[in-house]
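So the chains spell out like this:
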Amino acid sequence: MSGETVPGRGELRASDKDREQVVELLRVAAGDGRLSSEELDQRIEAALTARTYGELDALITDLPAAGRALAAGLPKEMTRIAVGSASAQRDGAWVVPQRMQVECKSGSVLLDFTGAVITSPTLEIEASVGSGSVTLVVPPDVLVDVEDVAVGSGSVQNRTRVAPGTPVRLRVHVTGKIGPGTIVVR
């Protein structure tokens, strides 16, 4: 195998899911007024026929949120975070997936959405918390629903509220169970 070169990211083949994610980024950009309906139609057609990541990247590099998404990587459908007595955090320009599984036995997990790249209107989080803690830090335009969390001897605290008239950019629905630990939304 000597002498063979490894293709760069731009030369790798894109999947149907990759194309769909770029189409969603384009729709969000059009909704923000960054693309005209004509530009949107042209780019969607190009995205649906793109063969490589390079072809997809070229369609969204001039879009601010998309550029951050590309730098961090396209969003995954599902991400899993599992900690024992350790800690894990997602902060800065991390790409929010569509679904998350968070398992926290006795450690801590911090999910900070204030600088996150949000490309989907919803996020489903399935949490399993032992004696640890899961903290969600959200900006004013993120709505978090923790009503479907089963609580043992621990607690769930949602200290946030979306002000009336504020457009909601992301709806987070948290389900799962807590032993003696905590889930805090602030």
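In the block above lies the structure referred to throughout.
Just so it is clear, the structure is predicted and the values come from calculations on it, not from any experiment.

Chemist: Can you help me understand the packing of aromatic side chains in this one?
Modeler: Two aromatic rings, taken as a pair, are described by how far apart their centres are and by the angle between their planes. Per the stated rule, a full pass over the model turns up one aromatic pair. Pairing W94 with F113 gives two aromatic rings, centres 5.3 Å apart and planes at 55°, and the pair type is tilted. With a gap of 19 residues between them, W94 in the loop between β2 (87-90) and β3 (99-104) and F113 in the loop between β4 (108-112) and β5 (122-129) connect regions that are remote in the sequence. Side by side, W94 and F113 carry an identical accessibility label, which is buried.

Chemist: Would you explain the pattern of salt bridges in this entry?
Modeler: Oppositely charged side chains are able to pair whenever their charged atoms sit close together. Here the structure, examined in full by the defined rule, presents seven salt bridges. Beyond isolated ion pairs, a larger network of salt bridges with shared partners links R80, E103 and K105.

Chemist: What is the right way to look at a negative patch on the surface in this model?
Modeler: Residues E38, E39, D41 and E45 make up a contiguous surface patch of negative charge. With respect to the element layout, E38 can be found in helix α2 (residues 37-49).

Chemist: Help me understand the sheet that holds β5, please; the structure alone is not making it clear to me.
Modeler: To summarise the sheet geometry, strands pair through backbone hydrogen bonds and adopt either a parallel or an antiparallel arrangement. Across the sheet, five strands lie side by side as β1-β3-β5-β9-β7; this open sheet has parallel pairing. Two strands bound the open sheet, and with one partner strand each, they are β1 (78-83) and β7 (142-151). Averaged over all adjacent pairs, the angle separating strand axes in this sheet is 15°, with direction ignored. For β3 and β5, the ladder comprises six bridges, and the chain directions are parallel. Looking at the pairing, Q101 lines up with E126 of β5.

Chemist: What exactly am I supposed to notice about the nonpolar core here?
Modeler: Generally speaking, soluble globular proteins have nonpolar side chains that are buried together. The biggest cluster of nonpolar side chains holds 30 residues, and the ones touching the most others in it are L111, F113, I125, L136, V144, V172 and V174. Put simply, the parts of the chain that give this core at least two residues each are β1, β3, β4, β5, β6 (133-137), β7, β9 (170-178) and β10 (182-185). Those residues in contact with V144 that lie beyond four places of it in its chain are L136, V138, N158, V172, V174 and V185. Core analysis: the second largest hydrophobic core is formed by 15 residues, V23, L35, A47 and L63 among them.

Reading guide: rules and limits
Residues numbered from 1 in each chain as written. Predicted model: local features only at pLDDT ≥ 70, side-chain atom pairs only at ≥ 80, totals over all residues. Heavy atoms only, no water. Phe/Tyr/Trp six-rings, centres within 6.5 Å; stacked < 30°, edge-to-face > 60°. Helix = DSSP H or I, 4+ residues; strand = E, 2+ residues; numbered from the N terminus. Buried < 20%, exposed > 50% of the residue type's maximum accessible area, 1.4 Å probe, protein only. Salt bridge = Lys/Arg side-chain N within 4 Å of Asp/Glu carboxyl O. Patch = residues over 30% accessible without salt bridge, like charges linked within 9 Å, V, L, I, M, F, W, Y side chains within 5 Å. Areas by Shrake-Rupley, 256 points an atom, 1.4 Å probe, with all protein chains shown as cover. Lys, Arg positive; Asp, Glu negative; His and termini not counted. Charge placed at Lys NZ, Arg CZ, Asp CG, Glu CD. Pairing = 2+ DSSP bridges. Axes fitted to C-alpha atoms, helices over the stretch in contact; angles between N-to-C directions. Core = buried A, V, L, I, M, F, W, Y, C linked by side-chain atoms within 4.5 Å. Contact = heavy atoms within 4.5 Å.

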